[in-house]
Amino acid sequence: MMLAFIIAKKGGAIQGIIKSKTNTVDLRSATLIDFTYGIILFYFKELNNVPMSTTWVFIGILAGREIALNYMLRKNEPRRAMFSNLGMDLFKVFIGLVVSIVLVYAVKYLATL
């Protein structure tokens, strides 16, 4: 039911994040890139002993897609914009990680009071 809801909403909020990244006219190339990175990250998440959260898998898929599409579609353009976007995404992830760690310690501290 949840998948039907997401499809009915045309991807929801997460689709907005994906569309804010490199858009392609040819969906076949984007699908092939997504499939390739999905398989690689599936291996590292499910079949490998190293623990990895689904958040990092999603970030890896988006970053890999962004790098591959920029490499294939914009061969003659400078790579600064791509690395700037990836850096900003990584910064946002880092801020989220810091906030979550601070919240864990704050809850732990408040539980001891």
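(A) Summary view of the overall build of the protein chain. A tally of regular secondary structure across the protein chain gives five helices and zero strands. Each helix and strand of the protein chain, ordered N terminal to C terminal, gives the series α-α-α-α-α. Sequence separation of at least 24 residues holds for 57% of the intrachain contacts in the protein chain that already meet a minimum separation of 6. For the protein chain, the exposed surface amounts to about 9,100 Å²; the carbon and sulfur share of it is 71%.

(B) Here's a closer look at the environment of Ile-67. Within the element layout of this structure, Ile-67 appears in helix H4 (residues 54-73). Here Ile-67 is in contact with Met-82 and Leu-86, once residues within four sequence places are set aside.

(C) Just helix H5 (residues 80-112), in detail. The end-to-end C-alpha distance of H5, which contains 33 residues, comes to 48 Å, matching closely the 48 Å that a straight helix rising 1.5 Å per residue would cover. Within H5 the residues assigned to the buried category are Met-82, Leu-86 and Val-93.

(D) Geometry of the confidence of the model for the protein chain. Taken residue by residue, the protein chain gives an average pLDDT of 76. The fraction at 70 or more is 74%. The spread of mean pLDDT over the elements of the protein chain runs between helix H2 (residues 12-20), the lowest at 65, and H5, the highest at 88.

(E) Geometry of the environment of Arg-79. On the secondary structure map, Arg-79 appears in the loop between H4 and H5. When the C-alpha atoms of Arg-79 and Ile-67 are compared, they prove to be 9.4 Å apart, with twelve residues separating the residues in sequence. In contact with Arg-79, not counting residues within four places along its chain, are Asn-70, Tyr-71 and Arg-74.

Rules used throughout
Numbers given for residues are sequential positions, taken from 1 along each chain in its written order. Reporting of local features is limited, given that this is a predicted model, to residues whose pLDDT is at least 70; pairs of side-chain atoms are given and counted only at 80 or more, and all residues count toward the totals for whole chains, interfaces and linings. Hydrogen atoms and water are omitted, and side-chain values are computed over all heavy atoms in the structure. Counting from the N terminus, the helices are the DSSP runs of H or I reaching at least four residues and the strands are the DSSP runs of E reaching at least two. Two residues qualify as a contact provided that any one of their heavy atoms is within 4.5 Å of a heavy atom in the partner residue. All accessibility values rest on the Shrake-Rupley procedure with a 1.4 Å probe; residue burial counts only the protein chains present in the view. Expected helix span is taken as 1.5 Å per residue step, with the number of steps being one fewer than the number of residues. Here's how the labels work: a residue is buried when its accessible area is under 20% of the maximum for its type, exposed when over 50%, partly exposed in between, all with a 1.4 Å probe on protein chains only. Confidence scores here are pLDDT values: one per residue, from the predictor, ranging 0 to 100.

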